[in-house]
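Structural characterization, general
What follows is each chain in one-letter form.
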Amino acid sequence: MLRTLTGHTDWVRSVAFSPDGGRILTSSMDKTARLWDAGTGRVLLTLRGHEKGLTRAVFSPDGTRIVTASDDGSAQIWDVSDGRSLVRLSGHKRDVNWAAFSADGGRVVTASADESARVWDVADGRLVAELAGHTASVVRAEFSPDGSRVATASSDLTARIFDAATGQEIAALKGHDGA
């Protein structure tokens, strides 16, 4: 074992390397995300601002921003250089289970227990599209490589494909018979 990263006071829900591999990002039910030096294990930043535990934290493709998702029904975009919260993405009615950046870093998609996913503009936090159609919690959402579509996965046993700009459902992928 090279390093043990200690400091969170509740269970850790996600971990991610920065694009350059020099930093590690963790999110925890202790309501914080922490940025660590991958070489030394030293905490570089602690991100605070959510009211409930964090479900996910991930770097933007260029490594300059972080998005966190929380059980408080929001996501936040943070500046990696100083830990400042840049934008709060609010509007989900329940826990935000997942958040991911588009390949160009200009948008974020969030997946929620409120049976929806949403696409947001990173610069100003504007809601771009609401992705509706699931009948249970949306547990994950990802952009296509070109950013034109979003794929969602839900505990309703389906995956769905949406137009990322309009929110229009393109396809429902059915056939799974269990979680």
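Just above sits the structure.
Here's what I pulled together on the structure shown here. Being a predicted model, the structure only gives us computed values, none of them experimental. (Residues numbered from 1 in each chain as written. Predicted model: local features only at pLDDT ≥ 70, side-chain atom pairs only at ≥ 80, totals over all residues. Heavy atoms only, no water.)

1. Some thoughts on the pairing of strand β13 (residues 138-143)
The line we're drawing: Any two strands with at least two DSSP bridges between them are considered paired. Only DSSP runs of H or I with at least four residues qualify as helices, and only runs of E with at least two residues qualify as strands; both kinds are numbered from the N terminus onward.
Pairing of β13 with strand β14 (residues 149-154), which is carried by five bridges, proceeds in the antiparallel orientation. Bridging across to β14, Ala141 finds its partner in Thr152. Where β13 folds back on β14, the antiparallel hairpin that results is connected by five residues, among which Gly147 adopts a positive phi of roughly 80°.

2. Digging into the sheet that holds strand β7 (residues 74-79)
The condition that has to hold: To get an axis, a line is fitted to the C-alpha atoms, and for a helix only the part in contact is used. The angle between two axes follows their N-to-C directions and goes from 0 to 180 degrees.
Spatial ordering of the open sheet is given by β5-β6-β7-β8, a layout of four strands whose pairing is antiparallel. In this open sheet, the two edge strands, each paired with only one partner strand, are β5 (54-59) and β8 (85-90). Across the sheet, the mean angle from the axis of one strand to that of its neighbour is 15°, orientation sign disregarded. Across five bridges, the pairing between β7 and β8 is antiparallel. Bridging across to β8, Ser74 finds its partner in Ser90.

3. What to know about the side chain of Ser154
What counts is decided by this rule: Identification of polar contacts relies on pairs of N or O atoms within 3.5 Å, with a donor-acceptor requirement for protein atoms, meaning one able to donate a hydrogen and the other able to accept it, and with residues adjacent in sequence counted only if both atoms are side-chain atoms. Working rule for contacts: check all heavy atoms of both residues, and any pair within 4.5 Å makes them a contact.
When you line up the elements, Ser154 lands in strand β14. There is a polar contact of 3.0 Å between the side chain of Ser154 and the backbone nitrogen of Asp156. When residues no more than four places from it in sequence are discounted, the contact partners of Ser154 are His134, Ala136, Ser137, Val138 and Val139.

4. Some details on the sheet that holds strand β12 (residues 127-132)
Overall, antiparallel pairing links the four strands, which are arranged β9-β10-β11-β12 in an open sheet. Edge positions in the open sheet fall to β9 (96-101) and β12, since each of these has one partner strand only. Each neighbouring strand pair of the sheet contributes to a mean axis angle of 15°, computed without reference to strand direction. Sheet topology places β9 next to strand β10 (residues 107-112); five bridges connect them, and they run antiparallel. From the neighbouring strand, Val96 faces β10, where its bridge partner is Ser112.

5. Section: the pattern of salt bridges
How we decide: Just to be clear on terms, a salt bridge is a Lys or Arg side-chain nitrogen sitting within 4 Å of an Asp or Glu carboxyl oxygen. The buried label goes to any residue with under 20% of its type's maximum accessible area, the exposed label to any with over 50%, and the partly exposed label to all in between, with areas taken from a 1.4 Å probe on protein chains only.
If you walk through the whole model with that rule in mind, you get seven salt bridges. Taking the shortest distance from any N to any O, the salt bridge between Asp79 and Arg84 comes out at 3.4 Å. Between Arg140 and Glu142 there is a salt bridge, with the nearest N and O atoms lying 3.2 Å from each other. Of the residues examined, Arg140 reaches a relative accessible area of 41% and is grouped as partly exposed. Through salt bridges with shared partners, one network takes in Asp79, Asp82 and Arg84.

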